[in-house]
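Observations on chain architecture
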Amino acid sequence: MSLQLRGVTKTFGDPPVPALEGIDFTAETGTFTAIVGASGSGKSTLLRIVAGMTEPDAGEVTMGGRTPDELRRGKEVGWMAQRPALLPWRRVRDNIALAQSINPRPDRELPSPDELLEMVGLSHVAGSYPRELSGGMQQRVALARTLAIGAPLWLMDEPFSALDELTREALAEDLLRIWQQVRSTVLWVTHHIPEAVSLADHIVLLTPGPGRVAGTIDVDLARPRDPTSPAFQAVVRQARMILRGAQAKRVVA
Ligand code: ADP
Ligand code: MG
């Protein structure tokens, strides 16, 4: 059931500008992979290809032998982005319930909307409207909605980047707690290296556009991770060196 990307390549526009070139990596089932690169390195494009929302020009993506289109139609993919995109006229509980009713999974035992809101610490606002919630709370609702369909693959595109530091840390803690229970396979896009080191099992580093794999890092640190520890900082440094090397090569070329 591992998620495999082989030679994924995408070019946009006329004249053509390459966004991704020959992306290869495998994410084993139940692991947390962070994809890290500068703005414009093709991270969102990569996630959209895995989600079946964009066709690659070359290469292929499979999970358990199925294509992104099959995964999407089978409701196997949970999606979370920077903006929560909640329906403003529906109460929080009804936003979650709607996600379940338009993605019915009779074959899965799913938590109820109230159980999901409890998992993300939002039981007390189940009857509120999204506008009554802070940005961090709205992202918690979006997380509950991502969990709501029981998808084995979560695709997350910088979901914390609009949040302040403290909110981000609290949400990261909850996300990891929930992921450790559920163990879906996660692809987590970020441009923030310490965030990737604090969350992920594996980090895939992309070169500045066009995105190629500049290097990968296995993060062998026990959770919860202490960002002030020398071991943590060594991984951050290793990631920076790989990205800097990729940047320098591009300037020379
Ligand atoms: P990132 O998420 O890492 O910032 P993107 O995947 O959004 O990078 O973009 C990678 C490159 O592809 C950029 O040069 C961007 O302008 C281009 N691009 C992305 N989507 C489109 C599109 N739909 N049409 C044209 N160009 C696009
Ligand atoms: Mg992006």
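Structure shown above.
Residues numbered from 1 in each chain as written. Chains lettered and ligands numbered in written order. Predicted model: local features only at pLDDT ≥ 70, side-chain atom pairs only at ≥ 80, totals over all residues. Heavy atoms only, no water.

A closer look at the site of ligand 1
- Surveying the vicinity of ligand 1 reveals the residues Phe 12, Ala 19, Ala 38, Ser 39, Gly 40, Ser 41, Gly 42, Lys 43, Ser 44 and Thr 45.
- One nitrogen or oxygen atom from the main chain of Gly 42 is found 3.1 Å from an oxygen atom belonging to ligand 1.
- The greatest single-element share of the shell around ligand 1, amounting to three residues, is contributed by helix α1 (residues 43-50).
- Of the residues assigned to the shell around ligand 1, the class counts are three nonpolar, six polar and one charged. (Near = heavy atom within 4 Å. Polar contact = N/O pair within 3.5 Å; in protein donor to acceptor, adjacent residues only side chain to side chain. Helix = DSSP H or I, 4+ residues; strand = E, 2+ residues; numbered from the N terminus. Nonpolar A, V, L, I, M, F, W, Y, C, P; charged D, E, K, R; others polar.)

Details of the sheet that holds strand β1 (residues 3-12)
- If you trace the three strands from one edge of the open sheet to the other, you get β2-β1-β4, paired in antiparallel fashion. Looking at the sheet topology across the chains shown, the edges are occupied by β2 (17-27) and β4 (58-63). Each adjacent strand pair in this sheet contributes to an overall mean axis angle of 20°, direction not counted.
- Across five bridges, β1 lies against β4 in antiparallel orientation. Among the inter-strand pairings, Thr 9 is bridged to a residue of β4, identified as Ala 58.
- Those strands touched by α1 are β1, β2 and β4, and its axis lies near 120° from that of β1. (Pairing = 2+ DSSP bridges. Axes fitted to C-alpha atoms, helices over the stretch in contact; angles between N-to-C directions. Contact = heavy atoms within 4.5 Å.)

A look at the nonpolar core
- Of all hydrophobic cores here, the largest spans 46 residues; its most connected members are Phe 32, Leu 143 and Ile 203.
- For this core, the element with the most residues is helix α6 (residues 165-182), which contributes six residues.
- In this structure Phe 32 touches Leu 175, Leu 176, Trp 179, Val 186, Trp 188, Leu 199, Ala 200, Asp 201, His 202 and Arg 223, once residues within four positions along its chain are discounted.
- If you look at the next biggest cluster of nonpolar residues, it comprises 23 residues, including Phe 25, Leu 47, Val 50 and Val 189. (Core = buried A, V, L, I, M, F, W, Y, C linked by side-chain atoms within 4.5 Å. Buried < 20%, exposed > 50% of the residue type's maximum accessible area, 1.4 Å probe, protein only.)

Regarding α1
- With six of its eight residues buried, α1 lies for the most part within the structure.
- Within α1 the residues assigned to the buried category are Lys 43, Thr 45, Leu 46, Leu 47, Ile 49 and Val 50.
- Note on α1: the residue one or two positions beyond its end, Gly 52, has a positive phi of about 80°.

Re the environment of Glu 132
- Relative to the helices and strands, Glu 132 is located in the loop between α4 (113-119) and α5 (135-147).
- Remark: the alpha-carbon pair of Glu 132 and Glu 28, spanning 104 residues in sequence, is separated by 39 Å.
- Here Tyr 129 takes part through its backbone nitrogen, which lies 2.6 Å from a polar atom of the side chain of Glu 132.

A few points about the environment of Arg 91
- Summarising the element assignment, Arg 91 is placed in the loop between β5 (77-80) and α3 (92-102).
- Sequence separation between Arg 91 and Gly 127 is 36 residues, and the spatial gap between their C-alpha atoms is 5.5 Å.
- The residues contacting Arg 91, other than those within four sequence positions of it, are Ala 126, Gly 127, Ser 128 and Tyr 129.
- A polar side-chain atom of Arg 91 sits 2.8 Å from the main-chain carbonyl oxygen of Gly 127.
- A polar contact of 3.4 Å, which involves the side chain of Arg 91, links it to the side chain of Tyr 129.

As for unusual backbone geometry
- Along the chain, Gly 209 connects to Pro 210 via a cis peptide bond; the corresponding omega equals -5°.
- You can see Pro 210 is positioned in the loop between β8 (202-206) and β9 (213-218).
- A cis amide bond links Arg 223 with the next residue in sequence, Pro 224, at an omega value of -5°.
- Note that Pro 224 resides in the loop between β9 and α8 (230-252).
- Of note in the backbone geometry, Lys 75 takes a positive phi value of approximately 55° without being a glycine.
- Along the chain, Lys 75 turns up in the loop between α2 (68-73) and β5.
- We note that Ala 85 has phi near 50°; this positive angle belongs to a residue other than glycine.
- Here Ala 85 falls in the exposed class, since its relative accessible area comes to 59%.

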